[in-house]
Every structure is written in C-alpha cells, then in structure tokens.
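# Structural features, examined
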Amino acid sequence: MEGTSVQMLLAVVSVLSCTTDQARLTVSPGSSQFFKDKFVSLSCEEDDSSAGWTLRRNTTTETRTQCGPDWGKAAGSSCKISHIDPLDSGVYWCESREGATSQSINITVSGGAVILQSPVLPVMEGENITLICRTQTSSDLPADFYKHGSLIIDRPTGHVTILHVSKADEGVYRCNIRGHGESPPSWISVTGTPTTAAPPPDSAPLQQVFTVVRYLVVFCPYVISTVLMVSVSTQTHRKSPVCLHGDDPAHPC
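A short tour of the structure in this document, coming up.

### Topic: the sheet that holds strand β5 (residues 65-66)
Reading across the sheet, the five strands line up as β2-β9-β8-β4-β5 and stay open at both edges, with mixed pairing between neighbours. What marks the edges here is a single partner per strand, and that holds for β2 (33-35) and β5. Note: strand β4 (residues 54-59) against β5, two bridges, orientation antiparallel. Within the sheet, the bridge partner assigned to Arg57 lies in β5 and is Thr65.

### Quick notes on the state of the cysteines
A complete count under the given rule lists three disulfides for this structure. Shown here is the disulfide that connects Cys133 with Cys175, its sulfur atoms set 2.1 Å apart. Measuring handedness by torsion sign, the sulfur bridge of Cys133 and Cys175 sits at about 85 degrees and is right-handed. One end of the pair, Cys133, is in strand β12 (residues 129-134); the other, Cys175, is in strand β16 (residues 171-177), with 42 residues separating them in the sequence. What makes Cys133 buried here is its relative accessible area of 0%.

### Thoughts on the pattern of salt bridges
As enumerated under the stated definition, the model contains eight salt bridges in all. A salt bridge links Asp88 to Arg57; its shortest N-O distance comes to 2.8 Å. Remark: Arg57 occurs in strand β4 and Asp88 occurs in the loop between β7 (78-81) and β8 (90-95); sequence separation between them is 31 residues. With a relative accessible area of 10%, Asp88 lands in the buried category. Under the relative-accessibility criterion, Arg57 is labelled buried at 3%. The salt bridge partner of Arg174 is Glu182, with a shortest N-O separation of 2.2 Å.

Conventions adopted
- Residues numbered from 1 in each chain as written.
- Predicted model: local features only at pLDDT ≥ 70, side-chain atom pairs only at ≥ 80, totals over all residues.
- Heavy atoms only, no water.
- Pairing = 2+ DSSP bridges.
- Helix = DSSP H or I, 4+ residues; strand = E, 2+ residues; numbered from the N terminus.
- Disulfide = S-S within 2.5 Å.
- Buried < 20%, exposed > 50% of the residue type's maximum accessible area, 1.4 Å probe, protein only.
- Salt bridge = Lys/Arg side-chain N within 4 Å of Asp/Glu carboxyl O.

And the structure:
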C-alpha cells in the first residue's frame, strides 16, 4: 500500500514536471533550396531558454548530429553554415535537453545551375505563396513550373504566385529554365486554418484559472514533497506502534 502511494505521488510529480514549451525552427534566407557555398542561418526561436534547444539533422551520411563541431557553427540556440554543401542536404530540427523536438524541415543544396525558391515552413491555408525559379545570377528568366511532374504554368518573369492556397496545392514542385537546367524537387506543405472561438463574455473567470494554475505550478513541488514525507511517516508509525504498558503481561504490546 505504501509503495502504491509513493508511486502515485511520483507520477503526479512527473506530470507537473512535463513542459509544453516548444521551439520554432526558422531559416534565413527563408527557402528550402540553396546553391552550394551560400550562407545559411538556422535558429530555434524558443519559449523557454532554460530548455537548452540545439540544432540537429539527418543527412545521407549522418544521423542526429548536433550543430558544431562537425558541421556549422553553434551560437546559443542558433547554427550558422558559412559555405553550405550538397552533403548538407537533409532534415533539420530543434531538440531540447529533455528530448522535446520542434517541427522538422527539409533543406536541399544544389550543385547545379537552377534552384526553386519555395517556402521551407508549412503554409497556412488562405495565404499567398510565391515560387521563384532562379540561377546563380538571375531570378527573372523565363521558367516552366511543374507539380508532381506535370507542367502547371510557364512564366516569362521566372516566378509565379499561388493565391489563397489550399490543401489541393500541397505537393512536390520543381522548375526548369530553358538552356540552364532543372531545379531539384521541393515539397510544399499546407496546414489547415486555425479555428477561432468566440471570446468569453467575462475574462475574470479565465484570469482566475490562470492564477490558480500559476500558483499550482509554483507551490505544487513543495506541497507534494510535504505530502510525500507525511505519507511515509504515517506508514512508518502504523507499522511500529508505541508500547504504552511496558512489560505488563496483562497488556501485551
């Protein structure tokens, strides 16, 4: 019985110790494709700096490697790659000391002559996105744009804007500039619009809830410690009763 009580208390401590703070991975320049030898900066925009967020990646030659010293230069929760290489192509994400992770992104580094600049992060439904087909020196050459291998449009300006994107616009895109070559493929992800609820008529009850939660988070560790000590002490006293009658045979302990 005592062991069960202690396990329950420890389970409560574990739940209260869990954090929902997340990091958001950002990339600058904001593109999913880059030319070889370009500068790229990745950052974990964190809600809780004490979580110790770091950059990790999976590539064709590495698994879960951390920024610096093998690749990139770490600066707090950011990572800078001075001369990005095709071997740097892969999946990147932020990870905390406790193992929590951010959303992951795919980065492609091309050694070729053409890339497709497209959003590296998921796009919200209803937003507009612009795809740019470019070479090392120009972003306004005539280009053909493809989705899932099929031509969707050709543009003399080298870029196309998709208005009010929906889930139907999600997919694999690439582009081609005649006489220069074709870009690697890029996956464009579209997420649903967040649902909005009507505001409560009175914010006071909600504020009271936040206040209670805040005090619980601050004081619960102390309360749990006290309860744990009292529980163990009570169980000890129950197992070792005090003898009030000494060695009287008529009143054995």
